[in-house]
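Each chain, written out:
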Amino acid sequence: MSEARVLGIVGWSGSGKTALIVKLIPLLTRRGIQVATLKHAHHAFDVDHPGKDSFMHRQAGACEVIVSSEHRWVLMHELRGAPEVTLPELLRRVSPCDLILVEGFKTHRHPKLEVFRAALGKPPLYPDDPNIVALASDGKLPGARVPVLDLNDTEAIATEILNLARPLSQVLSSLATHADGSS
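As for the side chain of K112
So, step 1. Inspection of the secondary structure assignment puts K112 in strand β6 (residues 112-116).
So, step 2. With sequence-adjacent residues up to four places away left out, K112 is seen in contact with L7, G8, V10, F105, K106, T107, D129, N131, I132, V133 and A134.

Here it is, written out as structure tokens:
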């Protein structure tokens, strides 16, 4: 397998980033592309629930808990006050695949496709971010310095993602220009 390629999907909350990714994954996998996703959350989240054994292991102080079954496995790592893991560190932990779609991390220096909806009343991000290499929008954006794709044409967006995604080593090099991976 060749080196994984990386592309971010960014936009304001409510723009439809997750909805777009959920539509793109089946299209890309039908094309034979093995896709991994990396999602940034701005809030506390939990993938475990009180009363479950793994939850009790974490609550008891385990720094990592692996839960495994015949269908999947998951690794939970507790930071316990340590700094948040950086985007480069997370990218290095992704298992081998063809494409890594990164949702969020909008201020970081990796190639990104912006999901933009004028109806949200927020300004587009691309004018101030040279790492935004394309837009997916439900409206026209005359004068945009990057390609503008119809947000409803997921086949075209999937094709463009494959063209725009950059090799993992190149993305890691770009992110290394700032120690914390941010711009």
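Here we look at the pairing of strand β3 (residues 64-68)
So, step 1. Here β3 runs beside strand β4 (residues 73-77); their pairing, made up of five bridges, is antiparallel. Bridging from a neighbouring strand, I66 pairs with L75 of β4.
So, step 2. Here β3 hands over to β4 after four residues, the two strands then running antiparallel side by side.

Some remarks on the confidence of the model for the protein chain
So, step 1. The predicted model of the protein chain has a mean per-residue pLDDT of 89, with 93% of residues at 70 or higher.
So, step 2. Low confidence marks residues 179-183, where pLDDT is under 50. Its contacts with residues over four positions away, or in another chain, come to 13 contacts.

A few points about the environment of E64
So, step 1. Along the chain, E64 turns up in strand β3.
So, step 2. Residue class for E64 comes out partly exposed when judged on its relative accessible area of 36%.
So, step 3. Look past the residues within four positions of E64 in its chain and what remains in contact with it is L75, M76 and H77.
So, step 4. A polar contact of 2.7 Å, which involves the side chain of E64, links it to the side chain of H77.

What to know about the packing of aromatic side chains
So, step 1. With the rule as written, the count across this model stands at zero aromatic pairs.
So, step 2. Looking at K122, its charged tip hangs above the ring of W12, at a distance of 4.9 Å from the centre.

As for the nonpolar core
So, step 1. Counting 20 residues, the largest nonpolar core has L20, L24, L28, L99, L113, I157 and I161 as the members making the most contacts within it.
So, step 2. Elements that contribute at least two residues to this core include exactly β1 (5-10), α1 (17-30), β5 (99-103), β6, β7 (132-137) and α4 (154-164).
So, step 3. Excluding its chain neighbours within four sequence positions, the residues that come into contact with I157 are L20, L24, L113, A136, L149, D150 and L151.

Conventions adopted
- Note on numbering: residues in each chain are counted from 1, in written sequence order.
- In keeping with the model being predicted, local features are shown solely for residues with a pLDDT of at least 70 and side-chain atom pairs are shown and tallied solely at 80 or more, while totals for entire chains, interfaces and linings include all residues.
- Here the side-chain values reflect all heavy atoms present in the structure, with hydrogen atoms and water set aside.
- We count a stretch as a helix when DSSP gives it H or I for four or more residues in a row; a strand needs E for two or more, and each element gets its number in order from the N terminus.
- By definition, residues are in contact when any of their heavy atoms lie within 4.5 Å.
- Strand pairing is defined by DSSP finding a minimum of two bridges between the two strands.
- Predictor confidence is given residue by residue as pLDDT, running from a minimum of 0 to a maximum of 100.
- Using a 1.4 Å probe on the protein chains alone, a residue whose accessible area is under 20% of its type maximum counts as buried, one over 50% counts as exposed, and one in between counts as partly exposed.
- Think of a polar contact as two N or O atoms within 3.5 Å of one another; within protein, one of them needs to be a possible hydrogen donor and the other a possible acceptor, and neighboring residues in sequence only count if both atoms come from side chains.
- Each pair of aromatic rings taken from Phe, Tyr and Trp, with Trp reduced to its six-membered ring, is defined by centres within 6.5 Å and is described as stacked if the planes are under 30 degrees apart, edge-to-face if over 60, and tilted in the remaining cases.
- Over a ring means this: the NZ of a Lys or the CZ of an Arg is within 6 Å of the ring centre and within 35 degrees of the ring normal.
- The definition of a nonpolar core used throughout is a set of buried Ala, Val, Leu, Ile, Met, Phe, Trp, Tyr and Cys residues joined through side-chain atoms within 4.5 Å.

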